[in-house]
Amino acid sequence: MVTNAGSMGATTMRWGENIVTDDGIAEICIFKARTLRHYLALLFTFILRRPHHPLKEYLQVHHEASIHGSRDLLVRADGEKIANGGFTCKIIKHGLQVLLPTTFTGAAPAERLG
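Computed from a predicted structure; not experimentally measured.

Colleague: When you look at the overall build of the protein in this model, what are you seeing that I'm missing?
Modeller: Helix and strand counts for the protein stand at 2 helices and 9 strands. Mapped from its N terminus to its C terminus, the protein presents α and β elements in the order β-β-β-β-α-β-β-β-β-β-α. Burial analysis of the protein (114 residues in total) assigns 21% to the buried set. Restricting to contacts in the protein with at least 6 residues of sequence separation, those with at least 24 account for 48%. Of the roughly 8900 Å² of accessible surface on the protein, 57% is carried by carbon and sulfur atoms.

Colleague: What's the story with the pairing of strand 8 (residues 80–84) in this structure? I'm lost.
Modeller: The two faces of the sheet receive side chains in turn, since in a regular strand these alternate between them. One ladder, built from 4 bridges, connects strand 7 (residues 74–77) with strand 8; its direction is antiparallel. Along strand 8, the bridge assignment pairs Val 75 with Ala 83.

Colleague: I'm lost on helix 1 (residues 36–47) in this one. Help?
Modeller: Three- or four-residue spacings in an α-helix give side chains the same orientation, since the helix completes a turn every 3.6 residues. Counted at 1.5 Å a residue, the expected span for helix 1 with its 12 residues is 16 Å, and the 17 Å between its end C-alpha atoms agrees. Three or more residues of helix 1 are buried, namely Leu 42, Thr 45 and Phe 46. Each buried residue of helix 1 sits inside an arc of 100° when the element is viewed along its axis, so together they form one side. Exposed side chains of helix 1 directed beyond 90 degrees from the buried face belong to Leu 36 and Arg 37. Arg 49 occupies a position one or two residues after helix 1 and carries a positive phi of about 60°.

Colleague: What am I meant to see in the pattern of salt bridges here?
Modeller: A side chain with one charge can pair with a side chain of the opposite charge if their charged atoms come near. Evaluated as defined, the whole model comprises 1 salt bridge. Between Glu 57 and Lys 32 there is a salt bridge; the shortest N-O distance is 3.0 Å. Of this pair, Glu 57 sits in strand 5 (residues 56–61) while Lys 32 sits in the loop between strand 4 (26–31) and helix 1, and the two are 25 residues apart along the sequence. Assessed through its relative accessible area of 32%, Glu 57 is described here as partly exposed. Residue class for Lys 32 comes out partly exposed when judged on its relative accessible area of 35%.

Colleague: Hey, could you run me through the environment of Lys 93 in this one?
Modeller: Within the element layout of this structure, Lys 93 appears in the loop between strand 9 (86–90) and helix 2 (109–113). Taking the C-alpha atoms as reference points, Lys 93 and His 63, separated by 30 residues in sequence, lie 9.0 Å from one another.

Colleague: I tried to follow the environment of Val 75 on my own but got confused; where do I start?
Modeller: By the secondary structure assignment, Val 75 is in strand 7. Its relative accessible area of 6% is what places Val 75 among the buried residues. Sequence separation between Val 75 and Phe 87 is 12 residues; the distance between their C-alpha atoms is 7.6 Å. Once residues within four sequence positions are removed from consideration, Val 75 is found in contact with Glu 80, Lys 81, Ile 82, Ala 83, Gly 85, Gly 86 and Phe 87.

Colleague: Before we go on, may I ask you to explain a nonpolar patch on the surface in this structure?
Modeller: Taken together, the side chains of Leu 36, Tyr 39, Leu 40, Leu 43, Phe 44, Ile 47 and Leu 48 define a hydrophobic patch exposed on the protein surface, amounting to about 720 Å² of accessible area. Structurally, the position occupied by Leu 36 is in helix 1.

Rules and cut-offs
- Residues numbered from 1 in each chain as written.
- Predicted model: local features only at pLDDT ≥ 70, side-chain atom pairs only at ≥ 80, totals over all residues.
- Heavy atoms only, no water.
- Helix = DSSP H or I, 4+ residues; strand = E, 2+ residues; numbered from the N terminus.
- Buried < 20%, exposed > 50% of the residue type's maximum accessible area, 1.4 Å probe, protein only.
- Contact = heavy atoms within 4.5 Å.
- Areas by Shrake-Rupley, 256 points an atom, 1.4 Å probe, with all protein chains shown as cover.
- Pairing = 2+ DSSP bridges.
- Expected span 1.5 Å × (residues − 1).
- Arc of directions from axis to C-beta.
- Salt bridge = Lys/Arg side-chain N within 4 Å of Asp/Glu carboxyl O.
- Patch = residues over 30% accessible without salt bridge, like charges linked within 9 Å, V, L, I, M, F, W, Y side chains within 5 Å.

Rendered as structure tokens:
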């Protein structure tokens with residue numbers, strides 16, 4: 001899994017420590033689970049908020065990473081299929097910026113544009 005978010009939607013369940021969205025570093029979390037017992041052990045590490053476990057390995061990507069797997073491996077990004085077998089990702093620090101007004105009154109921005 002490649003992530004640049006520390007939590008899995010629920011703030012109590014964390015992928016790892018010190019993962020932040022604006023540092024220009026993406027974290028690759030490798031799960032080494034092979035059996036049901038392994039998967040259950042990993043589930044409990046998430047529930048108990050313990051980021052370190054022998055079945056998890058973290059790599060930090062500063063520029064670019066290529067991940068390769070079997071052709072049967074489905075690759076998804078934000079829920080959408082993007083490839084089979086592997087992909088390459090590039091890290092662009094501050095590549096996405098969101099601008100917000102300093103003050104807000106009235107309709108939501110989307111309603112003002114329409």
